[in-house]
Amino acid sequence: MTVGRTIHEAGPPAERAWLAEDWWAVMIGLAVVIASVTTFLSGVSLSWFAVLPEAWSDLPELWAQFSRDGARYGVQGAVLLVVFTGAARLMSQRAGNFARGFVVIYLLSMVILTISAWRNTRLLYLETPIIALAVGLILANTVRIPAWLQTSLRAEFYIKVGVVLLGATLPLPVILQAGPIAILQASIASIVTFLVIYNVGRFLNLDRRLAAMLAGGGSICGLSAVIAIAGAVRAKREDITVATTIVVGWAMVMIVLLPLLARAWFLSTGVGGAWIGTSEYADAAGFAAAQTYGGFARDGLIAGTPDQALWSYTLVKVVGRDMWIGIWAALLSFVAITKWEPSGTGNHVDLAQIWTRFPKFILGFIFASLLITWAGHGTAIAAFDSTARPLLIAPIDALRNWAFTFSFLSIGASLRVRHLAPVTGDAFVAFSVGVVVNLTLGFVLSAVVFSSYWTSIAR
Amino acid sequence: MTRRFASGVRPGGNTCGTCRSFEADPQRIEAMLPGLTVLGSAYASVAADDGMCLRHDTYHSRRLSCADFAPVEA
């Protein structure tokens, strides 16, 4: 059969990507961690290079700060520009476009971080993620974002780099201790939520593939699950766009709703982070919610530390939920081939996808933790707090803050509401039922069943 | 080794990966699926070697095959 060129033919073969985005996130993140460990063990620090706006009250104070640190921002921005553009180029993206866009993202992020460092902003509990999302959303929905800027709006890429860097702030024993609890909690919530969304969807006569994508998106890892399951079950394009719209919509609502609900119940940051990890859908959206919630603890509004919110979130979401995506995809692929479409030609269950689809940045997260644990091994707690924390970990954490801000800004700036697909009522209802079940189950597991673990995490 | 064009696809075999209707470029896939880049990525590991069949409008592995296979022109 001849396929019409103008309608059905794909474009010229893409220039081959050397490695997936996840591996670049691992390499960039670990390069930073290794550089920080090396300089620290040599008696110096990356702290000059990794700079963040400090708290300020008035313009003269801010001016003095930028006059003092201007060169540091310039060097930091130039290095990040080269690193991220290089990775983008090796992923077959247009380097020139990416570089132009990244400069804008870096400068906008500097403005966002400066606004969130203003003491009056802090009094209003306007955290960096909310400001970044708002700035991005306003831009995306009021002006036309040029193509070159769109190239550098890579929310997932930046958040993966940030996750690897976050691993360096979490000692390996904490991961080993809380990991099994995180996996148990996440598995219970994921399996129950998946079954609820899928069965409600089927009850409402949704196509099996759409029901499976919605179920995966609501229970495992948001759009990453949608795209993985779509590929595994041979989904229709229109169904993928429906699932995408619903997952994105609910994820954005949860960024605001989850911190507010957790704060209303005065959950500690560790418990709140675990709940967000159980009930938010996408990694980047969840980090926005968890970082926002952690910020509430800065002035003692809730118990715990800001870091605890991020740590418990990461353990439940990334370790507990994300890393099983390959197994879910293989399982659904098996069901699709043997039950849904047994007569398909050339179809077989590809077990290799369990590894192929594995989110490799999780390995970077664990390895970064291992490196820092090794570097700090044998150091007394007092000495660690006085030397290693400011000289070894603080620079990594500052760069993690930048990566997260790039991601939150990219989320907002990529979300053009008018471009999203229209959503069918049944698909929305099926997903929303799962949202309610997941929220309830996540709360019970985080704040009741495993509360003591999450309250005391890494203390 | 490439991510998109590797592992198990026979060169010249009648699989989707060598079909003219199959789109495997992550950038083009993201353009076809509005909203994907907000919280996801076609460049991610989870996307594996999947792509879009422009003939059937379905998203799947490049290793599948079907009766409508048409090779990419040289």
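The preceding data block contains the structure.
Residues numbered from 1 in each chain as written. Chains lettered and ligands numbered in written order. Predicted model: local features only at pLDDT ≥ 70, side-chain atom pairs only at ≥ 80, totals over all residues.

(A) Structural view of the overall build of chain B. Along its length, chain B carries 2 helices and 3 strands. In sequence order, the secondary structure elements of chain B are arranged as β-α-α-β-β. By residue count, 58% of the 74 residues in chain B fall in the buried class. Considering only contacts in chain B between residues 6 or more positions apart, those separated by 24 or more positions represent 59%. (Helix = DSSP H or I, 4+ residues; strand = E, 2+ residues; numbered from the N terminus. Buried ≥ 20, exposed ≤ 12 C-beta atoms within 10 Å, placed from the backbone. Contact = placed C-beta atoms within 7 Å.)

(B) Region of the structure containing the environment of A:Leu126. Residues and elements named next belong to chain A. Inspection of the secondary structure assignment puts Leu 126 in the loop between helix H5 (119-123) and helix H6 (128-142). Owing to 17 C-beta atoms within 10 Å, Leu 126 belongs among the partly exposed residues under this scheme. Those residues in contact with Leu 126, other than ones at most four positions away along the chain, are Ser 116, Thr 121 and Ile 131.

(C) Representation of the packing of helix H10 (residues 208-233) of chain A against helix H11 (residues 237-264) of chain A in the model. Residue and element names in this part refer to chain A. Between H10 and H11, the shortest axis-to-axis distance is 9 Å and the interhelical angle comes to 55 degrees. Our classification of the angle between H10 and H11 gives oblique. Handedness of the H10/H11 crossing: right-handed. Residues Arg 209, Leu 210, Met 213, Leu 214, Gly 217, Gly 222, Leu 223, Val 226 and Ala 230 of H10 form the contact with H11, whose own contacting residues are Asp 239, Ile 240, Val 242, Ala 243, Thr 244, Ile 246, Val 247 and Ala 251. Residues that form the contact of H10 with H11 fall into these classes: 12 nonpolar, 3 polar and 2 charged. (Axes fitted to C-alpha atoms, helices over the stretch in contact; angles between N-to-C directions. Parallel < 35°, antiparallel > 145°, perpendicular 65-115°, else oblique. Left-handed = near helix turned anticlockwise from the far one by under 90°. Nonpolar A, V, L, I, M, F, W, Y, C, P; charged D, E, K, R; others polar.)

(D) Just unusual backbone geometry, in detail. For A:Asn205, which is not a glycine, the phi torsion comes out positive at approximately 70 degrees. If you trace the backbone, A:Asn205 turns up in the loop between helix H9 (172-203) and H10. Even without being a glycine, B:Ala48 presents a positive backbone phi close to 45 degrees. With respect to the helices, strands and loops of the structure, B:Ala48 is situated in the loop between helix H2 (36-39) and strand E2 (50-53). Given 27 C-beta atoms within a 10 Å radius, B:Ala48 is considered buried.

(E) Up close: the sheet that holds strand E1 (residues 22-23) of chain B. As summarised here, the arrangement of the 4 strands in space is E1(A)-E3(B)-E2(B)-E1(B), forming an open sheet in which the pairing is antiparallel. Of all strands in the sheet, those bounded by a partner on one side alone are strand E1 (235-236) of chain A together with E1 of chain B. Looking at chain direction, E1(B) and E2(B) are connected through 2 bridges and run antiparallel. Its bridge partner being in E2(B), B:Phe22 is matched across the sheet by B:Cys53. (Pairing = 2+ DSSP bridges.)

(F) Spatial organisation of the pairing of strand E3 (residues 58-61) of chain B. The sheet contact formed by E1(A) and E3(B) spans 2 bridges and is antiparallel. The residue bridging A:Lys236 from the neighbouring strand is B:Thr58, located in E3(B). When E2(B) meets E3(B), the two strands line up antiparallel, connected through 4 bridges. Within E3(B), the position partnered with B:Gly51 by the bridge is B:His60. Linking E2(B) to E3(B), which pair antiparallel, is a turn of 4 residues; within it B:Asp57 sits at a positive phi near 55 degrees.

(G) Geometry of the nonpolar core. Counting residues in each nonpolar core, the largest one holds 170 residues, and the members touching the most others are A:Leu214, A:Ile229, A:Ala251 and A:Ala285. Each residue touching A:Ala285, except ones within four places of it in the same chain, is listed here: A:Ala251, A:Met252, A:Met254, A:Ile255, A:Glu280, A:Ile411 and B:Leu39. (Core = buried A, V, L, I, M, F, W, Y, C linked by C-beta atoms within 7 Å.)

(H) Structural detail: the interface of chain A and chain B. Of the residues lining the interface, 60 residues belong to chain A; the matching set on chain B comes to 45 residues. Elements supplying a minimum of two residues to the side of chain A that touches chain B: helix H2 (21-41), helix H8 (155-167), H10, E1, H11, helix H13 (283-295), helix H16 (353-356) and helix H18 (381-414) of chain A. Tallied by class, the residues present in the side of chain A that touches chain B amount to 31 nonpolar, 17 polar and 12 charged.

(I) Spatial organisation of the environment of B:Cys53. Residue and element names in this part refer to chain B. Structurally, Cys 53 can be placed in strand E2. Put simply, Cys 53 and Thr 15 are 38 residues apart on the chain and 11 Å apart in space, counted from C-alpha to C-alpha. Each residue touching Cys 53, except ones within four places of it in the same chain, is listed here: Cys 16, Ser 21, Phe 22, Thr 58 and His 60.

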